[in-house]
Amino acid sequence: MSTAPTADTLGAPVPVLSFSPVVLSVPGRPVDLQVRVSAPATGTNLPVILLSHGHGPSNNLSSLNGYAPLTNFWAAHGFVVVQPTHLTSSTLTHLVADAPGAPDFWRSRAEDMTHILDRLDVIENAVPQLAGRIDHTKVALAGHSLGGFTAALLLGAGLTDPDTGNVVHLVEPRIKAGVLLAAPGRGGDVLNGPMAEQWPIIGAVDFSTMTAPALVVAGDKDDSRHFTDTGPDWHADPYTLAPGPKTLLTLFGAEHGLGGIAGYDAAETTDENPERVAVLAQLTAAYLRTALHPGASTWQIACEELTTGPDPVGQVESK
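For the structure given in this document, a descriptive report is provided here. If you're wondering where the values come from, they're calculated on a predicted model, not measured in any experiment.

**Quick notes on the overall build of the protein**
A count of helical and extended segments in the protein gives 8 helices and 12 strands. Taking 319 residues into account, the globule formula puts the C-alpha radius of gyration at 20 Å, and the protein, at 18 Å, falls close to it. Over its C-alpha atoms, taken along the principal directions, the protein stretches across nearly 55 × 50 × 35 Å. Taking contacts inside the protein between residues at least 6 apart in sequence as the whole, the part at least 24 apart equals 73%. Accessible surface, the protein: about 13100 Å² in total, of which carbon and sulfur atoms supply 53%. Taking the average place of the 16 positive charges on the side chains of the protein and the average place of its 32 negative ones, the gap between the two points comes to 6 Å.

**What to know about the packing of helix α3 (residues 106-118) against helix α5 (residues 146-154)**
Where α3 meets α5, the closest approach of the two axes is 9 Å, and the angle between their N-to-C directions is 65°. As summarised for this structure, α3 and α5 are arranged roughly perpendicular, according to the angle between their axes. Here α3 runs over α5; the crossing is right-handed. Contacts between α3 and α5 involve W106, R109, A110, M113 and T114 on the former and, on the latter, L146, G147, F149, T150, L153 and L154. Broken down by class, the residue content of the contact of α3 with α5 amounts to 7 nonpolar, 3 polar and 1 charged.

**A word on the nonpolar core**
Ranked by size, the top nonpolar core spans 53 residues in total, and within it L50, V80, F149 and I202 carry the most contacts. In terms of residue count, the dominant contributor to this core is α5 (6 residues). Grouped together as the second largest cluster of nonpolar side chains are 39 residues, I261, A266, L288 and C303 included.

**Description of the sheet that holds strand β5 (residues 134-144)**
Strands sit in the order β1-β2-β4-β3-β5-β8-β10-β11-β12 across an open sheet of 9 strands; the sheet is mixed. Two strands bound the open sheet, and with one partner strand each, they are β1 (16-24) and β12 (314-318). Between one strand axis and the next, the sheet turns by 20° as a mean value, whatever way the strands run. Docked against the sheet, α3 engages β2 (33-40), β3 (46-52), β4 (80-84) and β5, running at close to 155° with respect to β3. Its contacts with the sheet place α5 against β3, β5 and β8 (177-181), and it is angled at close to 135° to β5.

**Details of α5**
Counting buried positions along α5 gives 9 out of 9 residues, so the element sits mostly inside the fold. All of the buried residues along α5 are L146, G147, G148, F149, T150, A151, A152, L153 and L154. Lining the buried residues of α5 we find β3, α3, β5, β6 (158-160), β8 and β9 (205-206).

**Side note on the layout of surface pockets**
As a volume, the largest pocket reaches approximately 610 Å³. If you trace the largest pocket, you find 30 residues lining it, with H55, G56, S145, H226 and H256 closest to the centre. Classifying every residue of the lining of the largest pocket gives 12 nonpolar, 14 polar and 4 charged.

**Describing the environment of L181**
As for its placement among the helices and strands, L181 is situated in strand β8. Separated by 154 residues in the primary sequence, L181 and P27 have C-alpha atoms spaced 30 Å apart. Setting aside residues no more than four positions away along its own chain, L181 makes contact with L70, G143, H144, S145, V217, L258, I261, L280 and T284.

**A closer look at the environment of A76**
Position of A76 among the secondary structure elements: in helix α1 (residues 68-76). Residues A76 and Q129, spaced 53 residues apart in sequence, show a C-alpha to C-alpha distance of 15 Å. Among residues more than four places away in sequence, those in contact with A76 are A12, P13, V14 and V16.

**A short note on the pairing of β8**
Successive residues of a regular strand alternate their side chains across the two faces of the sheet. Burial analysis of β8 places 5 of its 5 residues in the buried class, the great majority of the element. Of the strand pairs in this sheet, β8 and strand β10 (residues 214-219) are connected by 4 bridges, and their pairing is parallel. Each residue of the ladder has a partner; that of V179, found in β10, is L215.

**Observations concerning the sheet that holds strand β7 (residues 167-169)**
Taken together, the 3 strands give an open sheet; going across it, the order is β7-β6-β9, and neighbouring strands pair in antiparallel fashion. Both edges of this open sheet fall to β7 and β9, since each of them pairs with a single strand only. Here β6 runs beside β7; their pairing, made up of 3 bridges, is antiparallel. Counted as the bridge partner of L159 is V168 from β7.

**Quick look at unusual backbone geometry**
A cis amide bond links S20 to the next residue, P21, at an omega of -10°. Structurally, P21 can be placed in strand β1. For the peptide bond that leads from G244 to P245, omega is 0°, which places it in the cis range. On the secondary structure map, P245 appears in the loop between α6 (237-240) and β11 (246-251). The phi torsion at Y67 lies on the positive side, around 60°, for a residue other than glycine. Here Y67 shows up in the loop between β3 and α1. A relative accessible area of 3% places Y67 in the buried class. A positive phi angle, near 60°, is found at S145, a position not held by glycine.

Definitions and cut-offs
- Residues numbered from 1 in each chain as written.
- Predicted model: local features only at pLDDT ≥ 70, side-chain atom pairs only at ≥ 80, totals over all residues.
- Heavy atoms only, no water.
- Helix = DSSP H or I, 4+ residues; strand = E, 2+ residues; numbered from the N terminus.
- Rg over C-alpha atoms; globule rule 2.2 N^0.38 Å.
- Contact = heavy atoms within 4.5 Å.
- Areas by Shrake-Rupley, 256 points an atom, 1.4 Å probe, with all protein chains shown as cover.
- Lys, Arg positive; Asp, Glu negative; His and termini not counted.
- Charge placed at Lys NZ, Arg CZ, Asp CG, Glu CD.
- Axes fitted to C-alpha atoms, helices over the stretch in contact; angles between N-to-C directions.
- Parallel < 35°, antiparallel > 145°, perpendicular 65-115°, else oblique.
- Left-handed = near helix turned anticlockwise from the far one by under 90°.
- Nonpolar A, V, L, I, M, F, W, Y, C, P; charged D, E, K, R; others polar.
- Core = buried A, V, L, I, M, F, W, Y, C linked by side-chain atoms within 4.5 Å.
- Buried < 20%, exposed > 50% of the residue type's maximum accessible area, 1.4 Å probe, protein only.
- Pairing = 2+ DSSP bridges.
- 1 Å grid on protein atoms, 1.4 Å probe; cavity = no way out; pocket = protein on both sides within 12 Å on 5 of 7 lines; lining within 4 Å.
- Points joined across faces, edges and corners; volume = space filled by probe spheres on them.

Printed below as a string of structure tokens:
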């Protein structure tokens with residue numbers, strides 16, 4: 001029998017159980033909420049990571065079927081990863097194109113995560129060999145691209161509803177920490193690219209109330225000209241404009257796919273780099289291990305190993 005790693009190390013990987021779909025019926029949602037659950041085959045008191053997918057060009061990666069390079073690593077190192085298929089997914093476009101909230105479904109995306117937490121016991125009991133092994137008090141959230149936008153809302157960012165002009169808060173207090181991966185930045189005058197008019201919601205976020213602890217990951221070559229001419233620094237805005245405690249990880253050479261986190265061998269990855277993805281998986285797991293186990297040195301150890309020395313993958317700053 002393998003022993004669980006201490007909180008200060010990630011430990012050796014264990015086999016992963018992946019189960020999908022777990023189907024949750026949600027009143028008012030145009031289709032059922034489907035999730036994938038990935039969990040380590042061994043261990044108890046397992047923390048949870050909710051993962052919000054982005055809105056990429058592929059047909060299936062923006063769904064519960066994406067992000068295997070991260071989810072497999074996280075699950076192999078002691079996390080239960082829950083991935084919903086949001087209504088923005090290309091797999092659902094033919095069903096929900098005319099549904100209220102289309103095309104960005106900003107409110108629904110955040111509410112998906114609250115529904116999952118409301119019914120975490122149902123999900124846990126639906127997955128073979130998982131019942132009784134989850135620590136419901138240790139919940140984290142990760143999101144890539146549009147998923148990072150969703151994560152910001154759940155971590156406390158405010159949003160001005162473009163339809164009503166009212167400020168909306170969708171903060172989820174059960175989420176203790178988050179990871180924003182290549183998330184959108186601020187709005188206002190800097191949101192001047194050709195996609196800005198089609199997605200005004202992107203610029204409607206106020207990071208000043210995003211008080212939950214978070215790791216913001218930005219690629220220093222992630223130049224999102226379709227939204228802004230500000231350059232890669234735009235993706236650091238959730239760190240720069242939010243109050244602490246926050247940490248910024250800037251990955252050297254990384255573009256919007258951060259090396260290919262959305263899927264193994266994804267053609268849409270402009271900066272395919274398996275080594276970068278592996279390092280990012282380690283660093284995000286280490287950050288969340290420390291965030292959910294205060295006092296653990298996992299994050300410090302990982303940073304010293306991976307972001308210092310003669311060939312660092314990136315740089316870290318905190319506030």
